[in-house]
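So you can see what is in the structure, the chains are spelled out below.
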Amino acid sequence: MGETLGRIHSVESFGSADGPGVRYIVFLKGCNMRCKYCHNPDTWAKCGENDGSQLMSPSQVLKTAMRYKAYWKQTGGITVSGGEALLQIDFVTELFRLAKENGVNTCLDTSGNPFTRNEPFFGKFNELMKYTDLFMLDIKHIDDEEHKKLTGQTNKNILDMAQYLSDNGKKMWIRHVLVPGITDDEKYLRQLKEFVDTLKTVDRVEVLPYHTLGVFKWKELGLKYQLEGIQPPDAESIAKAKEILASRQ
């Protein structure tokens, strides 16, 4: 039986913002969420010919990534992002298994949307956890109804995933995009802080300021950008959010 092929959107050879150290980042195609501020809507489609994606096996990806191993030092390694990487969980698990066999640090950047405790996904997720050193979990909004408005999906299973990772001792970074008028309300930031404080394995909480750098992609795809007119948060709002979220008890 051959290797599971991954649908690769793009790669970044020297990433510095997606996990510890210098990272080789693999961006996968496919996502069920439709975040109104998404800066990569070109990664949404899960299948289809001529969509610009490249099919690669885990061993092919690892072989390419290992060319950059000298730059990773002690802390760097491979990060798989998206789209939503968990939609290609078989590919990611095999890639990370091979990476760990070669002593490579592994990091998964995910929004958690596919997570369920139902089979067959749950068994596959437990296997993936064995080979994943760090989970970077994006929590788009702590309030379920607001999360649905923002992404089109519930957050209940996403928060459940965070709890499950914590219960199983898996290291996490929590990321939260700060969008003026949507996710910067102090009430919601404090609710998010309360939730994060229930987790035992969170090493870092990152506030990511909303930006408009991906708006042109919406227009190229013929999509109406949902947050037209909303400007990136000012320095004071960012500082306030970081003060609320980044302090660990």
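Look up a bit, the structure's there.
Residues numbered from 1 in each chain as written. Predicted model: local features only at pLDDT ≥ 70, side-chain atom pairs only at ≥ 80, totals over all residues. Heavy atoms only, no water.

Caption draft 1: Region of the structure containing the side chain of Thr93. Locating Thr93 in the fold gives a position in helix α2 (residues 89-101). On the basis of relative accessible area, Thr93 is assigned to the buried category, the value being 10%. Apart from residues lying up to four places away in sequence, Thr93 is in contact with Lys124, Glu127, Leu128 and Tyr131. (Helix = DSSP H or I, 4+ residues; strand = E, 2+ residues; numbered from the N terminus. Buried < 20%, exposed > 50% of the residue type's maximum accessible area, 1.4 Å probe, protein only. Contact = heavy atoms within 4.5 Å.)

Caption draft 2: Spotlight on the pattern of salt bridges. Applying the stated rule across the entire model yields 19 salt bridges. The closest approach of N and O atoms between Arg190 and Glu186, which form a salt bridge, is 2.9 Å. Residue Arg190 and its partner Glu186 are located together in helix α6 (residues 186-196), separated by four residues, close to a single helical turn. Classification of Glu186 as partly exposed rests on a relative accessible area of 30%. Glu186 is paired through a salt bridge with Lys240; the nearest N and O atoms lie 2.9 Å apart. On the criterion of sequence distance, the pair formed by Glu186 in helix α6 and Lys240 in helix α8 (residues 235-246) is long-range, its members being 54 residues apart. One network of salt bridges, with partners in common, ties together Asp18, Asp109, Arg175, Arg204 and Glu206. (Salt bridge = Lys/Arg side-chain N within 4 Å of Asp/Glu carboxyl O.)

Caption draft 3: Just the sheet that holds strand β4 (residues 77-81), in detail. Reading across the sheet, the eight strands line up as β3-β1-β2-β4-β5-β6-β7-β8 and stay open at both edges, with mixed pairing between neighbours. Two strands bound the open sheet, and with one partner strand each, they are β3 (54-56) and β8 (202-209). Geometrically, the sheet is characterised by an average inter-axis angle of 30° between neighbouring strands, direction not taken into account. The sheet contact formed by strand β1 (residues 6-15) and strand β2 (residues 23-28) spans five bridges and is antiparallel. (Pairing = 2+ DSSP bridges. Axes fitted to C-alpha atoms, helices over the stretch in contact; angles between N-to-C directions.)

Caption draft 4: The nonpolar core, seen in detail. Core analysis: the largest hydrophobic core is formed by 71 residues, its most contacted members being Ile78, Val80 and Phe125. The element best represented in this core is α2, accounting for seven residues. When sequence neighbours within four positions are dropped, the list of residues in contact with Val80 reads Val26, Leu28, Ala85, Val92, Leu95, Phe96, Cys107, Leu108 and Asp109. (Core = buried A, V, L, I, M, F, W, Y, C linked by side-chain atoms within 4.5 Å.)

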